[in-house]
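# Structural overview for review
What follows is the residue order along each chain.
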Amino acid sequence: MARADERRTLEPVHADEGEGDAQQWAAWLVVFLRAMAAVSLCKGLYHWAIICGMNAPFPSGFDSYPMPYQVATVFFAVIDPVAGVGLWLAAPWGAVVWLTSVISMAAVEVLFPQIYGASILVVLAEMALLGTYLWLVLMAAREQPE
């Protein structure tokens, strides 16, 4: 038993000690989510540029675009930056909003081909990102101690 007048010193603790390879998938998940945060912010800024008249597919202004195109563009101009900020801050809601954005973009391309042109490459890319995310989450969950 320690006496009351004895002083104890605590050894410094470093964040990377003791983890080793045990947290490798969690680290890869964080890298992936940070990369997707940057991509989401860029996508959101791209859609805002269209709304503001820069890089517009139609020269007559955003008000003259077809209504489905306007709705989809405004939706992605709002949801993508929110998802990007949530992912970058590692907020619990960030991945949920990002998943909503990814699934919505694929659904728009498949179900409403008249809006953005039904690019199969966009659908494949979005599904590949979704699959990568789910695989990294599964692998990171498996390496957690029970």
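Structure's up top.
Now for a look at the structure at hand. (Residues numbered from 1 in each chain as written. Predicted model: local features only at pLDDT ≥ 70, side-chain atom pairs only at ≥ 80, totals over all residues. Heavy atoms only, no water.)

### Regarding the nonpolar core
Across soluble globular proteins, nonpolar side chains have a tendency to be buried as a group. Among the nonpolar cores identified, the biggest contains 26 residues, and Leu29, Phe32, Leu33, Phe76, Leu87, Trp98 and Tyr133 are the most heavily contacted of them. Of all elements in the fold, only helix 1 (24-52), helix 2 (67-88), helix 3 (92-111) and helix 5 (120-142) reach the threshold of two or more residues within this core. In terms of residue count, helix 1 provides more of this core than any other element does, seven residues in total. Discounting chain neighbours no more than four positions away, the residues touching Leu87 are Leu33, Arg34, Met36, Ala37, Gly94, Ala95 and Trp98. (Core = buried A, V, L, I, M, F, W, Y, C linked by side-chain atoms within 4.5 Å. Buried < 20%, exposed > 50% of the residue type's maximum accessible area, 1.4 Å probe, protein only. Helix = DSSP H or I, 4+ residues; strand = E, 2+ residues; numbered from the N terminus. Contact = heavy atoms within 4.5 Å.)

### Thoughts on helix 5
The terminal C-alpha atoms of helix 5 lie 33 Å apart, and with 23 residues this matches the ideal 33 Å at 1.5 Å per residue to within 8%. Of the positions making up helix 5, those classed as buried are Val123, Glu126, Leu130, Tyr133, Leu136, Met139 and Ala140. Of the surrounding secondary structure, the elements contacted by the buried residues of helix 5 are helix 1 and helix 3. (Expected span 1.5 Å × (residues − 1).)

### Digging into the environment of Ala83
Note that Ala83 resides in helix 2. Distance in space between the C-alpha atoms of Ala83 and Val39 is 9.9 Å, their sequence separation being 44 residues. What Ala83 contacts, discounting residues up to four positions off in sequence, is Ser40, Gly94, Val97 and Trp98.

### Focus on the pattern of salt bridges
Tallied over the full model, the rule gives two salt bridges. The shortest N-O distance in the salt bridge between Glu126 and Lys43 comes to 3.5 Å. With a gap of 83 residues between them, Glu126 in helix 5 and Lys43 in helix 1 connect regions that are remote in the sequence. Each of Lys43, Asp80 and Glu126 takes part in salt bridges that share partners, so that together they form one network. (Salt bridge = Lys/Arg side-chain N within 4 Å of Asp/Glu carboxyl O.)

### Focus on unusual backbone geometry
A negative phi holds for most residues other than glycine; trans holds for most peptide bonds. The backbone of Ala90 shows a phi angle near 60°, a positive value even though the residue is not glycine. Mapped onto the elements, Ala90 comes out in the loop between helix 2 and helix 3.

### Here we look at the packing of helix 1 against helix 2
Helix 2 packs onto helix 1 with a crossing angle of 150° between their chain directions and a minimal axis gap of 7 Å. The angle between helix 1 and helix 2 places the two elements in the roughly antiparallel class. The two elements helix 1 and helix 2 cross, and the hand of that crossing is left-handed. Taken together, the residues of the contact of helix 1 with helix 2 break down into 17 nonpolar, five polar and three charged. (Axes fitted to C-alpha atoms, helices over the stretch in contact; angles between N-to-C directions. Parallel < 35°, antiparallel > 145°, perpendicular 65-115°, else oblique. Left-handed = near helix turned anticlockwise from the far one by under 90°. Nonpolar A, V, L, I, M, F, W, Y, C, P; charged D, E, K, R; others polar.)

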